[in-house]
Amino acid sequence: MKSHSLVHWINPAQRAILMTYEDGRFAYLLHCPHEEAWHSGIYTCGDGLLRFLLIDLSYREDCHCRSDAVARIEMAIRQLNVMLELTCQLPDWITDALPARNR
């Protein structure tokens, strides 16, 4: 198995995120033996925000340098802030009123 510092499918931004996100809880993904296992691990990790970051900051998505990664994260933050403002303006709702299958 290749060392995670040598694999060509993980860039420095993805590596840094995996080492620090949720206190490194997903750092195991750095040890995927091949690229297919890496992509499978991303899709099955169970964390949507992490999945978004790793995909959006990937070489496959044309993220080739630090400035690309910074710009993408800044754009995501702007978009999330808009959604946060929108959500804060919504009336509160009670999930207990929904049938169990819709919760």
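Above this text you will find the structure in question.
All values derive from a computational prediction rather than experimental measurement. (Residues numbered from 1 in each chain as written. Predicted model: local features only at pLDDT ≥ 70, side-chain atom pairs only at ≥ 80, totals over all residues. Heavy atoms only, no water.)

Draft legend 1. A look at the nonpolar core. Ranked by size, the top nonpolar core spans 20 residues in total, and within it Ile17, Leu18, Phe26, Leu29, Trp38, Leu50 and Leu54 carry the most contacts. Put simply, the parts of the chain that give this core at least two residues each are helix H1 (12-20), helix H2 (35-44) and helix H3 (48-56). If you tally residues by element for this core, the top one is H3, at three residues. Among residues more than four places away in sequence, those in contact with Leu54 are Gln14, Ile17, Leu18, Leu29, Trp38 and Ile42. (Core = buried A, V, L, I, M, F, W, Y, C linked by side-chain atoms within 4.5 Å. Buried < 20%, exposed > 50% of the residue type's maximum accessible area, 1.4 Å probe, protein only. Helix = DSSP H or I, 4+ residues; strand = E, 2+ residues; numbered from the N terminus. Contact = heavy atoms within 4.5 Å.)

Draft legend 2. Examining the environment of Phe26 more closely. Tracing the chain through its elements places Phe26 in the loop between H1 and H2. Look past the residues within four positions of Phe26 in its chain and what remains in contact with it is Leu18, Tyr21, Cys45, Asp47 and Leu50.

Draft legend 3. Broad picture of H3. Looking at H3, one finds that the buried residues are Leu50, Leu53 and Leu54. Looking down the long axis of H3, one finds its buried residues gathered within 95 degrees of arc, a one-sided arrangement. If you follow the buried residues of H3, they end up packed against H1, H2 and helix H4 (66-89). Here H3 starts with a cap whose side-chain oxygen sits 3.2 Å from the backbone nitrogen of Leu49, and that cap is Asp47. (Arc of directions from axis to C-beta. Polar contact = N/O pair within 3.5 Å; in protein donor to acceptor, adjacent residues only side chain to side chain.)

Just geometry here; none of it tells us what the structure is for.
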